[in-house]
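So you can see what is in the structure, the chains are spelled out below.
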Amino acid sequence: MTVPVTGTDPRTAGADHRVSPARIAVVQCDAQVGTANRERNLRRGLDLAGQAADGGATLVVLPELCATGYAFATRAEAYAHAEEVPSGATVRAWEAFARDRGVHLVGGLVEQDGVRLFDSAVLVGPDGYIGHYRKTHLWNTEKLWFTPGDRGFPVFETRLGRIGLLICWDIWFPEVPRLLALQGADIICSANNWTWTPPPVLDASGRCMAAYLTMTAAHVNNVVIAAANRIGTDRDARFLGCSLIAGTGGRPLGEIAGPDEERVLTADVDVVASRAAPIWNPLNDLVRDRRTDLYDPMLGYRRSGPFPR
């Protein structure tokens, strides 16, 4: 059963002055590998996205590889699940949904570009395809079929605001959310297949390390991060849920999902409010306080320059 959970950013609760109000939804679901499961995976993801849209969501985030499942056994099987972006059937279905429901949607799939395969996240909106991101940091057996991402860390302009994307293991590398924030991202959408690792995976509060890393990244970059993870077991891989939406202060906006529940969590935010969030008090500003006299302002990143929030 799907249980919607709603949170609200206390800074914007009941605020009629919001410049870019949005209801963000993260979908926690189960996707199974196997070409016979592809239609089911697509339909179930869209059904849950539809429930989110019915509840007023304007930005929906689905998990990593939600269209294909995760646990490929061979390179040939990974190729069998792949499609081109944006011309493939999955992106076309996501585009049709976004146009029909007037929402923005992020989802994960296996992208094929020539002979290369990428673990990619795609962003679509009411006007169609916007852009996509190729996972930079590959986890475990992903390295056996995927090529590491070669597009850097793009930030996409949308009607809602500027949206950055990251995928799963990326959140363990603080450079990723920092570079997205430095490029002006108002919100980061994090599509994930966080897996169970050697115990203890969950602490006494039921939270996993990935949730804490997401909250920390949101806090130190003063940016909303919407993290959607999957659940269930896909062959020998088990997934731990813990989807959440972290506000600019790092705190979860609402609940953190449990480890085995199909959930849709939502939060109401002012997307562009993060542009003022770095100013904490008269003497401390996260952007101003950076010691760029000691290190490169963009951490050596050359695909894009800084963009003011």
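Structure: above.
Since the model is a prediction, treat every value here as computed from it, not as a measurement.

What counts and how
Residues numbered from 1 in each chain as written. Predicted model: local features only at pLDDT ≥ 70, side-chain atom pairs only at ≥ 80, totals over all residues. Heavy atoms only, no water. Helix = DSSP H or I, 4+ residues; strand = E, 2+ residues; numbered from the N terminus. Rg over C-alpha atoms; globule rule 2.2 N^0.38 Å. Buried < 20%, exposed > 50% of the residue type's maximum accessible area, 1.4 Å probe, protein only. Contact = heavy atoms within 4.5 Å. Areas by Shrake-Rupley, 256 points an atom, 1.4 Å probe, with all protein chains shown as cover. Lys, Arg positive; Asp, Glu negative; His and termini not counted. Charge placed at Lys NZ, Arg CZ, Asp CG, Glu CD. Pairing = 2+ DSSP bridges. Right-handed = clockwise from strand over helix to strand, strands pointing away. Disulfide = S-S within 2.5 Å.

### Side note on the overall build of the chain
Then, number 1: Broken down by element type, the chain carries 5 helices and 16 strands.
Then, number 2: Computed over its C-alpha atoms, the radius of gyration of the chain comes to 18 Å, within 12% of the 19 Å expected for a compact globule of 309 residues.
Then, number 3: For the chain, the C-alpha atoms occupy an extent of roughly 60 × 45 × 40 Å along the three principal directions.
Then, number 4: For the chain, the residues scored as buried account for 58% of the 309 residues in total.
Then, number 5: Restricting the contact set of the chain to residue pairs at least 6 apart, pairs at least 24 apart contribute 70%.
Then, number 6: Here the chain has roughly 12700 Å² of accessible surface; of this, 55% comes from carbon and sulfur atoms.
Then, number 7: Positive and negative side-chain charges of the chain, numbering 32 and 35 respectively, have mean locations separated by a distance of 3 Å.

### Re the pairing of strand β2 (residues 21–28)
Then, number 1: For β2, a buried count of 6 out of 8 residues is recorded, marking the element as mostly surrounded by other parts of the structure.
Then, number 2: Where β2 lies against strand β14 (residues 263–270), 8 bridges are found, and the strand directions are antiparallel. Looking at β14, one finds that Gln28 is bridged to Arg263.
Then, number 3: Pairing geometry for β2 and strand β3 (residues 59–61), over 3 bridges, is parallel. By the bridge assignment, Ala25 is partnered in β3 with Val60.
Then, number 4: In this fold, the crossover linking β2 to β3 by way of helix α1 (residues 38–54) has right-handed handedness.

### Comments concerning the state of the cysteines
Then, number 1: Counted by the stated rule, this structure contains 0 disulfides.
Then, number 2: Between Cys189, a cysteine without a disulfide, and Cys66, which holds the nearest cysteine sulfur, the sulfur-to-sulfur distance is 13 Å.
Then, number 3: For the unlinked cysteine Cys208, the closest cysteine sulfur is that of Cys242, found at 3.3 Å.
Then, number 4: Relative accessible area serves as the criterion here: at 1%, Cys208 is assigned to the buried category.

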